[in-house]
2 protein chains.
Amino acid sequence: MATEARRPGRPATLEDVARVAGVSRATASRVINGSPTVDAALRRKVEEAITATSYAPNRAARSLVTRRTDSVALVVSEREQRQLATPFIGRMFTDPHFGRVVSGLLQVLRPAGMQTVLMVADDEASRRQVLTYLRQGHVDGVVLISSDPNDPLPRMLSETALPTVLAGRPGRSAVLPYVEVDQRAGAQLAAERLVAQGRRLIGTVAGPQDMPAAQERLEGFRGALAALGVTGLPWAEGDFTRAGGAEAMRRLLADHPGLDGVFVASDLMALGAVPVLLRAGRRVPEDVGVVGFDDSEAAEASEPALTTVRQPVEDMACEMARLLLRQIREPGAAPPSVVFRPTLVVRDSS
Amino acid sequence: MATEARRPGRPATLEDVARVAGVSRATASRVINGSPTVDAALRRKVEEAITATSYAPNRAARSLVTRRTDSVALVVSEREQRQLATPFIGRMFTDPHFGRVVSGLLQVLRPAGMQTVLMVADDEASRRQVLTYLRQGHVDGVVLISSDPNDPLPRMLSETALPTVLAGRPGRSAVLPYVEVDQRAGAQLAAERLVAQGRRLIGTVAGPQDMPAAQERLEGFRGALAALGVTGLPWAEGDFTRAGGAEAMRRLLADHPGLDGVFVASDLMALGAVPVLLRAGRRVPEDVGVVGFDDSEAAEASEPALTTVRQPVEDMACEMARLLLRQIREPGAAPPSVVFRPTLVVRDSS
DNA sequence: CGAGCCGGAGAGAGCGCTCTCTCGACGGTG
DNA sequence: CACCGTCGAGAGAGCGCTCTCTCCGGCTCG
């Protein structure tokens, strides 16, 4: 169209829009930012000009003056992977759980017009780099997913004034809002299920005991069993991987061959643990009942389908995004953390 | 430190650095951007000032004048998911394959100082939104991962001048560079393996035949078998999901109970197909050999461990990032597409 | 010894936008 | 009829940076 491309090859600017609409730049800006003090006729003209020039605001220019960027960082913080030969970045990315979190976040961030910048911190250097980036005001807020309980990033972030939300309670104390599932309540659901089925020789494959979530699942499970009159909980520690779950199950079974029920603190570990039981000649659920944790996709696909404690991961991620947006819009008071109630999903394994 | 924070609460600017170093803004800028025409003594002073003020350049301001943003978009384009009750964004995120791609991309982008912005296009509106964003110059380049062969986005992107790389060959013709594995060669590896084991009643669970990759795997497999003297390939179409693989396997087995070998066009489908065979009383690999495609993590974990055609996903993603960076640095000529050679990973299933 | 050259540094414009300040027009009031 | 308040619109500064242009001083060369 004739009105377009005053300067060849460059996208239209507000100046162009104003000229086409026959108004000042300020008025065009008012229309774009929804100011109420614009005459209806002029507003129409500006809107037409915007269409005619296919104008879209330059975020860099806007951000320069407003000090907002309309984007947030999704920071994935991982334990350093020194032992790997190939420099493999972001092992967490291949975890479907992570994908569910991303999906939930985008569900809220996208309609809010927020862009999401993906960053990984997996060693001292990258952590510094990420922090510098964040501190420099390139994003309005941060969602931090950390798999390392000793991660210094939460504390470092809490020292900046940057709005931040954590996925899960941080290992070290940091006064940042987080979103998490009630681990103890989840463990209690598992305990109640197994006991209700008449199982009494119950063990658990726990997660790494330096992670708060894993600790709470173990303690919560032990406490719930005790409340139900079952004491003396045998357990083995896995590392939240499939292989780790298998290994822990093997140890547990060797020490306690009479087990008739197992709470495995993650579905992924359960996926490793169940075959160990089967190969040892135990039928699941007839001989040994198994309850997992997460309700990941793997739970449904496993053989037999896994009875498991469901975390509403997507909902939790949505809530994280909402908490973050609230902090961004109302600076100052950090919103309270949110703890979700887990539910039990009964399938075949118990 | 005393020299910091000339203006309270705001990060240091180039002006601050210059003042602290006792030079002009221009010289400070030269040092930061590595201009060679700076006296060594001044350079030192500026570098000290940078440290003292913990200065980091404001990207918005820089981008405003350079028209570069030092960030690229990772656009995930998916078929519209109307049928879902909950607005579930980005089902692809939960696919470990996607995570591997992200990991590979970051491996190259991060050292290059490029930020990665995550975007999803899953319907007409979001596609337009994404395109507007991209066209406005908010990113220097685009990596497009599309699961929809009829996706209009590649064509739309090729009409912009924006550097772009596609993951996989696009369904519709678009003159954009892509990175992909040689599908036919992969299918040939599978055919050779099965035939070498003396199998002759060979079928295949193919992928959706509107996807080029799935087509080529089927045709490549058929062609390779023919070259080996095996003709008349029975096949069933799956949708690249686990359940779809199981369903297709069931149909295939019902029509051809005498099968002694199956090429399943993705590991995920194989994960569904193998249990169908086992439940039908076929031993794997004794009665029926199974070869998958992808060498996903699932392949190793499956029971029996899956013999599969390996795609070097991370390497391919690295290459995508490199192609993109090259386009960004040398505008004009789009680099050629790159096709990777697959390899066969022999495990237990065939 | 003076003209020309060149390396190195500073001055200053301007990228596209927002937002304050100013101004004009209009209508209601004393 | 003069005054004031209000509403809508424009003028213009300035966000932090890059980059061209200009200038200065020291060197080489005729």
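See the structure printed just above.
In short, a report on the structure.

What counts as what
Within any chain, residue numbers begin from 1 and follow the written order of that chain's sequence. Note on labels: chains are lettered from A, ligands numbered from 1, in written order. Restriction of local features to residues with pLDDT of at least 70 applies here, the model being predicted, together with a cutoff of 80 or more for giving and counting side-chain atom pairs; totals for whole chains, interfaces and linings are based on all residues. Side-chain measures here rest on the full set of heavy atoms in the structure, leaving out hydrogens and waters. Segments assigned H or I by DSSP are reported as helices when at least four residues long, segments assigned E as strands when at least two residues long, and all are numbered from the N terminus. With the radius of gyration taken over C-alpha atoms, the globule rule is written as 2.2 Å times the number of residues to the power 0.38. Working definition: with a 1.4 Å probe on protein chains only, accessible area under 20% of the residue-type maximum means buried, over 50% means exposed, and in between means partly exposed. Per-residue and other accessible areas were derived by the Shrake-Rupley procedure at a 1.4 Å probe size, with only the shown protein chains allowed to occlude residues. Pairing between strands requires that DSSP locate at least two bridges from one strand to the other. In this description, a line fitted to the C-alpha atoms serves as the axis of each element, helices being fitted only across the stretch in contact, and the angle between N-to-C directions of two axes falls anywhere from 0 to 180 degrees. Any two residues whose heavy atoms approach within 4.5 Å are treated as being in contact. The term salt bridge refers to a pairing of a side-chain nitrogen on Lys or Arg with a carboxyl oxygen on Asp or Glu at a separation within 4 Å. When the copies are overlaid, the least-squares fit takes in C-alpha atoms only where the residue has pLDDT of at least 70 in both copies. Any residue with a heavy atom lying within 4 Å of a molecule or strand is counted as near it. Between N or O atoms, a polar contact is any pair within 3.5 Å; within protein, one atom must be a potential hydrogen donor and the other a potential acceptor, and residues adjacent in sequence are included only when both atoms are from side chains. For any pair of parts, buried area is found by adding up, for both, the accessible area (1.4 Å probe) each one loses once the two are put together.

Turning to the overall build of chain A, a few remarks are in order. What chain A contains, in helices and strands, is 13 helices and 12 strands. Relative to the 2.2 N^0.38 estimate, which gives 20 Å for 350 residues, the radius of gyration of chain A is 26 Å and therefore markedly larger than a compact globule would have. Based on the C-alpha atoms only, the size of chain A along its principal axes is roughly 85 × 40 × 40 Å. Taking all 350 residues of chain A together, the buried fraction comes to 54%. Only carbon and sulfur atoms are counted for the fraction: they give 51% of the accessible area of chain A, which is about 15,400 Å².

All names here are of chain B. The strand order E7-E6-E8-E9-E10-E12 describes an open sheet built from six strands, whose pairing is mixed. Looking along the sheet, the strands with just one partner apiece sit at the ends: strand E7 (235–237) and strand E12 (343–345). Neighbour-to-neighbour, the strand axes of this sheet turn through a mean angle of 20°, independent of strand direction. Of the strand pairs in this sheet, strand E10 (residues 307–310) and E12 are connected by three bridges, and their pairing is antiparallel. Within the sheet, the bridge partner assigned to Thr308 lies in E12 and is Val345. Where helix H8 (residues 183–196) meets the sheet, its contacts fall on strand E6 (202–206), strand E8 (261–264), strand E9 (289–294), E10 and E12, and the angle it forms with E9 comes to roughly 165°.

Here the focus is the sheet that holds strand E8 (residues 261–264) of chain A. All names here are of chain A. A sheet is described by the order of its strands in space; here six strands give the open sequence E7-E6-E8-E9-E10-E12, paired in mixed fashion. Two strands in the sheet have a free side with no partner beyond their single neighbour: strand E7 (235–237) and strand E12 (343–345). Across the sheet, the mean angle separating the axes of adjacent strands is 20° when strand polarity is ignored. In terms of strand pairing, E8 meets strand E9 (residues 289–294) through three bridges, oriented parallel. Looking across to E9, one finds that Val262 is bridged to Val290.

Another point: the pattern of salt bridges. Pairs can form between side chains of opposite charge whenever their charged atoms are close. All names here are of chain B. For the structure on display, the rule yields 40 salt bridges over all chains. With a closest N to O distance of 3.6 Å, Arg251 and Glu247 form a salt bridge. Residue Arg251 and its partner Glu247 are located together in helix H10 (residues 242–255), separated by four residues, close to a single helical turn. Taking relative accessible area as the criterion, Arg251 reaches 36% and is therefore assigned partly exposed.

Okay, the relation of the copies chain A and chain B next. Overlaying chain A on chain B yields an RMSD of 0.1 Å, the required transformation being a rotation through 180° with an accompanying axial translation of 0.0 Å. Read as a symmetry element, the transformation amounts to a two-fold axis. Most of the interface of chain A is mirrored in chain B, where 100% of its interface residues are also at the interface.

The local shell around DNA strand C holds 30 residues, among which Leu14(A), Tyr55(A), Thr27(B), Asp39(B) and Arg67(B) are the closest. Each atom of DNA strand C within 4 Å of the protein belongs either to a base or to sugar and phosphate, the latter forming 67%. Within the side chain of Arg62(A), an N or O atom sits 2.7 Å from a phosphate oxygen of DNA strand C. In this structure, a phosphate oxygen belonging to DNA strand C sits 3.4 Å away from a main-chain N or O atom of Thr37(B).

Every contact between the two is made by 45 residues of chain A and, on the other side, 45 residues of chain B. Of the roughly 4,100 Å² buried between chain A and chain B on both sides combined, carbon and sulfur atoms contribute 57%. One salt bridge connects Arg110(A) with Asp122(B), and the closest N-O pair in it is separated by 3.4 Å. Between the two partners, chain A and chain B, sit seven residue pairs in polar contact (both at pLDDT 80 or more). Put simply, the parts of the chain that give the side of chain A that touches chain B at least two residues each are helix H4 (59–66), helix H5 (96–109), strand E2 (115–121), helix H6 (124–135) and helix H12 (297–301) of chain A.

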